Amino acid sequence: SGKARYEHYPLGHDYILYSLVEAESALNKWREVVDITPDVDGISRATGWLINHLGTLQAKYMRRPIWVNKTPEIPRFGYELEQCVGCCRVINMIRDGREVAASVLERGWTDDVSYIATVWKDMILSGRASATEGFHEYLEVRYEDLVSDPVCVLQKVLRFLCLEPLSQQLVDTYNKQNSFPTSNEVKHAWRKLNDADETLFNQVAGDLLAELGYVG
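Worth saying up front: this structure is predicted, and the values here are computed from it rather than measured. (Residues numbered from 1 in each chain as written. Predicted model: local features only at pLDDT ≥ 70, side-chain atom pairs only at ≥ 80, totals over all residues. Heavy atoms only, no water.)

Visitor: Is there a simple way to think about the side chain of Arg98 in this case?
Guide: Mapped onto the fold, Arg98 is located in helix H4 (residues 97-107). A polar atom in the side chain of Arg98 sits 2.8 Å from the side chain of Asp96. The contact partners of Arg98, leaving out residues within four places of it in the chain, are Leu193, Glu198, Phe201, Asn202, Leu209, Tyr214 and Val215. (Helix = DSSP H or I, 4+ residues; strand = E, 2+ residues; numbered from the N terminus. Polar contact = N/O pair within 3.5 Å; in protein donor to acceptor, adjacent residues only side chain to side chain. Contact = heavy atoms within 4.5 Å.)

Set out below in structure tokens:
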């Protein structure tokens, strides 16, 4: 499972519909191509085929015309992804770095606030740089905006993806399926850093926090 126990969605923790046999067969074909052409171009073509093949299988079994990959690492590897699959659209979902740091500290993954701030900042800046180096389209969305005004933010995302403007219908459907409704009236208890940790975070990434509208 790629999801942690605390992550809950209407469709469940994982939603992979193609079989392990199909995945292994595709991976074997990838390896055959890479063994023949083990250079950057050969590996890129093989990887692009693998990504698209598994995505097409998923869309087929879901009976849907498109598929989306939600992986946090994607934005900063946009240039490499473009080498594999060609022109693509990348959406970088950004969250207040202080909230991210508080969450990481709570889970005990590390107690180094400066390191957390560095990683948070680098992930965003490398995503932007990757978009500049390549030709793929890039959109940043603030998580807090999605929570407070989901219809407006989803409308922006749908326009970016050249899809129908069905944001209100998507929010209504989500609220019917999920026990925790999305609404700008819902009060969310954001995690907070203590003053000392917030000072450390701001020393590393305060400029980006300000640029994104989280402070000031």
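Alright, that's what it looks like, and here's the rest.
Visitor: Can you help me understand the packing of aromatic side chains in this one?
Guide: Two aromatic rings, taken as a pair, are described by how far apart their centres are and by the angle between their planes. If you walk through the whole model with that rule in mind, you get 1 aromatic pair. Geometrically, the ring pair formed by Trp120 and Phe201 is tilted, given 5.7 Å between the ring centres and 55 degrees between the ring planes. Residue Trp120 is located in helix H5 (residues 113-133), and its partner Phe201 is located in helix H9 (residues 195-211); the two are separated by 81 residues in the primary sequence. The same class applies to Trp120 and to Phe201, which are both buried. (Phe/Tyr/Trp six-rings, centres within 6.5 Å; stacked < 30°, edge-to-face > 60°. Buried < 20%, exposed > 50% of the residue type's maximum accessible area, 1.4 Å probe, protein only.)

Visitor: For this particular structure, what's the right way to read the packing of H4 against H9?
Guide: The geometry of H4 relative to H9 is characterised by a closest axis approach of 10 Å and an angle of 140 degrees between their N-to-C directions. Taken as axis vectors, H4 and H9 run oblique relative to one another. The hand of the H4/H9 crossing is right-handed. Contact residues: Gly97, Arg98, Ala101 and Leu105 in H4; Asp197, Glu198, Phe201, Asn202 and Leu209 in H9. Residues that form the contact of H4 with H9 fall into these classes: 4 nonpolar, 2 polar and 3 charged. (Axes fitted to C-alpha atoms, helices over the stretch in contact; angles between N-to-C directions. Parallel < 35°, antiparallel > 145°, perpendicular 65-115°, else oblique. Left-handed = near helix turned anticlockwise from the far one by under 90°. Nonpolar A, V, L, I, M, F, W, Y, C, P; charged D, E, K, R; others polar.)

Visitor: Got a minute to help me understand a nonpolar patch on the surface in this structure?
Guide: Together, Tyr15, Leu17 and Tyr61 make up a nonpolar patch on the protein surface, roughly 260 Å² of accessible area in all. Here Tyr61 lies in helix H2 (residues 40-62). (Patch = residues over 30% accessible without salt bridge, like charges linked within 9 Å, V, L, I, M, F, W, Y side chains within 5 Å. Areas by Shrake-Rupley, 256 points an atom, 1.4 Å probe, with all protein chains shown as cover. Salt bridge = Lys/Arg side-chain N within 4 Å of Asp/Glu carboxyl O.)

Visitor: What exactly am I supposed to notice about the environment of Thr56 here?
Guide: Counting through the fold element by element, Thr56 comes out in helix H2. As for Thr56 and Ile66, which are separated by 10 residues in sequence, their C-alpha atoms are 7.9 Å apart.

Visitor: Explain the side chain of Asp197 here, please?
Guide: Within the element layout of this structure, Asp197 appears in helix H9. This buried residue, Asp197, is left without a salt bridge; Arg98 holds the nearest opposite charge, at 12 Å. Not counting residues within four places of it along the chain, the set of residues in contact with Asp197 comprises Leu105 and Val113. (Lys, Arg positive; Asp, Glu negative; His and termini not counted.)

Visitor: What is the right way to read the environment of Leu166 from this model?
Guide: Examined against the element boundaries, Leu166 turns out to sit in the loop between helix H7 (150-160) and helix H8 (167-177). Residues in contact with Leu166, not counting those within four places in the same chain, are Gln155 and Leu158.

Visitor: What should I look at first to understand H9 in this one?
Guide: With 17 residues, H9 ought to run about 24 Å at 1.5 Å a step, yet its terminal C-alpha atoms sit only 21 Å apart, falling short of that. When we look at burial in H9, the residues that qualify are Asp197, Phe201, Ala205, Gly206, Leu208 and Leu209. Each element contacted by the buried residues of H9 is listed here: H4 and H5. Among the residues of H9, the N-terminal cap falls to Asn194, whose side-chain oxygen and the backbone nitrogen of Ala196 are separated by 3.2 Å. (Expected span 1.5 Å × (residues − 1).)

Visitor: I'm lost on the nonpolar core in this one. Help?
Guide: A general trend in soluble globular proteins is that nonpolar side chains are found buried together. In terms of nonpolar packing, the biggest core is built from 16 residues, with Ile94, Trp120, Ile124, Phe201 and Leu212 touching the most fellow members. Those elements giving two or more residues to this core turn out to be H4, H5 and H9. Per-element accounting of this core gives the leading share, 5 residues, to H5. Setting aside residues up to four positions removed in sequence, Ile94 forms contacts with Trp120, Ile124, Glu140, Val141, Arg142, Tyr143, Glu144, Leu212 and Tyr214. (Core = buried A, V, L, I, M, F, W, Y, C linked by side-chain atoms within 4.5 Å.)

Visitor: Mind showing me how you'd approach H5 here?
Guide: Along an α-helix, residues three or four positions apart point the same way, because every turn accommodates 3.6 residues. With 21 residues, H5 ought to run about 30 Å at 1.5 Å a step, and its terminal C-alpha atoms sit 30 Å apart, in line with that. Among the residues making up H5, those that are buried are Val113, Ile116, Ala117, Trp120, Lys121, Ile124, Gly127, Ser130 and Ala131. Between the side-chain oxygen at the start of H5 and the backbone nitrogen of Ser114 there is a gap of 3.2 Å, and the oxygen is on Asp112.

Visitor: Just to check I follow, could you spell out the state of the cysteines for this structure?
Guide: Note on terminology: a disulfide is the covalent bond linking the sulfur atoms of two cysteines. Under the criterion given, the structure shown has 0 disulfides. No disulfide involves Cys87; its nearest neighbouring cysteine sulfur is the one of Cys88, lying 6.4 Å away. A relative accessible area of 60% means that Cys87 is categorised as exposed. Residue Cys162 stays outside any disulfide, its sulfur separated by 10.0 Å from that of Cys87, the closest cysteine. Judged by relative accessible area, Cys162 falls into the exposed class, the value being 58%. (Disulfide = S-S within 2.5 Å.)

Any functional reading would require information beyond the geometric quantities listed.
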